[in-house]
Amino acid sequence: GQQVMQIPQYQHVQEGEDFTTYCNSSTTLSNIQWYKQRPGGHPVFLIQLVKSGEVKKQKRLTFQFGEAKKNSSLHITATQTTDVGTYFCAGPQGAAGNKLTFGGGTRVLVKP
Amino acid sequence: GAVVSQHPSRVICKSGTSVKIECRSLDFQATTMFWYRQFPKQSLMLMATSNEGSKATYEQGVEKDKFLINHASLTLSTLTVTSAHPEDSSFYICSASRSAATNEKLFFGSGTQLSVL
């Protein structure tokens, strides 16, 4: 079945530094979504990428969808303590419906 | 943004009892809702897809008689953990979307922490 993998599993970042987390799917995706879950909270939708090679920015967050639509990345610049949480990527299972397969997540810890 | 309400947020019960968790879409109609289980520091494990007016679709390995799902209206889905045991202790989260389109984003409830003694 479809698998979505994320690396790294954990990311310890010094406040102010940049980092990137990667997402890889075993199958081509029609779109990829990113969610953020704060400690003790629930996942919250961040963004969706649809087009091959698409790049979208949200303030200090830059999301990219690979040319083959099988991978994606999230780059955060000048990390802040508010960036703490787990970032999940997710892709639709199959060609129809919105049942998503979630990656294992990247848990981000920020050192002040 | 759309709001999904989930209750209760925390429940402690004795082994052998049943627990019902409600998931409501407050400002939109959700023909499909999803139920997940999440262990500490792990990803979301999809348990089942709840379809309004029809039977839920369970993922492989999830006991449908253990985790009863009812989707009686376009705004409400319930998950009942029957005859709960300590191994059922977990964080359960629901999600809903406005449509079943593949590019539709999900709105999550706040989750229910279940502890079975």
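Structure: above.
Now for a quick tour of the structure.

Reading guide: rules and limits
- Residues numbered from 1 in each chain as written.
- Chains lettered and ligands numbered in written order.
- Predicted model: local features only at pLDDT ≥ 70, side-chain atom pairs only at ≥ 80, totals over all residues.
- Heavy atoms only, no water.
- Contact = heavy atoms within 4.5 Å.
- Buried area = accessible area lost by both parts, 1.4 Å probe.
- Salt bridge = Lys/Arg side-chain N within 4 Å of Asp/Glu carboxyl O.
- Polar contact = N/O pair within 3.5 Å; in protein donor to acceptor, adjacent residues only side chain to side chain.
- Helix = DSSP H or I, 4+ residues; strand = E, 2+ residues; numbered from the N terminus.
- Nonpolar A, V, L, I, M, F, W, Y, C, P; charged D, E, K, R; others polar.
- Buried < 20%, exposed > 50% of the residue type's maximum accessible area, 1.4 Å probe, protein only.
- Pairing = 2+ DSSP bridges.
- Axes fitted to C-alpha atoms, helices over the stretch in contact; angles between N-to-C directions.

Looking at the interface of chain B and chain A
No. 1: On the side of chain A, 23 residues touch chain B, which itself brings 24 residues to the contact.
No. 2: For the pairing of chain B and chain A, the buried interface totals around 1800 Å² over both sides, and the portion due to carbon and sulfur atoms is 54%.
No. 3: Here chain B is connected to chain A by 1 salt bridge.
No. 4: The salt bridge involving A:Lys99 is made with B:Glu59; its shortest N-O contact spans 3.0 Å.
No. 5: Across the chain B-chain A interface, the total number found is 9 residue pairs in polar contact (both at pLDDT 80 or more).
No. 6: Elements that contribute at least two residues to the side of chain B that touches chain A include exactly β4 (32–38), β5 (44–51) and β9 (90–97) of chain B.
No. 7: Residue composition of the side of chain B that touches chain A, by class: 10 nonpolar, 10 polar and 4 charged.

Focus on the pattern of salt bridges
No. 1: Following the criterion strictly, the structure yields 5 salt bridges over all chains and no others.
No. 2: Residue A:Lys56 is joined to A:Glu54 by a salt bridge in which the shortest nitrogen-to-oxygen separation is 3.8 Å.
No. 3: In this structure, the salt-bridge partner of B:Asp88 is B:Lys66, at a minimum N-O distance of 2.7 Å. In this pair, B:Asp88 sits in the loop between β8 (76–81) and β9 while B:Lys66 sits in the loop between β6 (57–58) and β7 (67–73), placing the two residues 22 residues apart along the sequence. Exposure class is identical for B:Asp88 and B:Lys66. Each is buried.

Looking at the sheet that holds strand β3 (residues 19–25) of chain B
Residue and element names in this part refer to chain B.
No. 1: Taken in spatial order, the 4 strands of this open sheet run β1-β3-β8-β7, and their pairing is antiparallel. Bordering the open sheet on either side are β1 (4–7) and β7, each of which pairs with just one other strand. Strand-to-strand twist of the sheet, defined as the mean angle between neighbouring strand axes without regard to direction, takes the value 15°.
No. 2: Relative to β8, β7 runs antiparallel, the two being bridged by 5 bridges. Looking across to β8, one finds that Phe67 is bridged to Val81.

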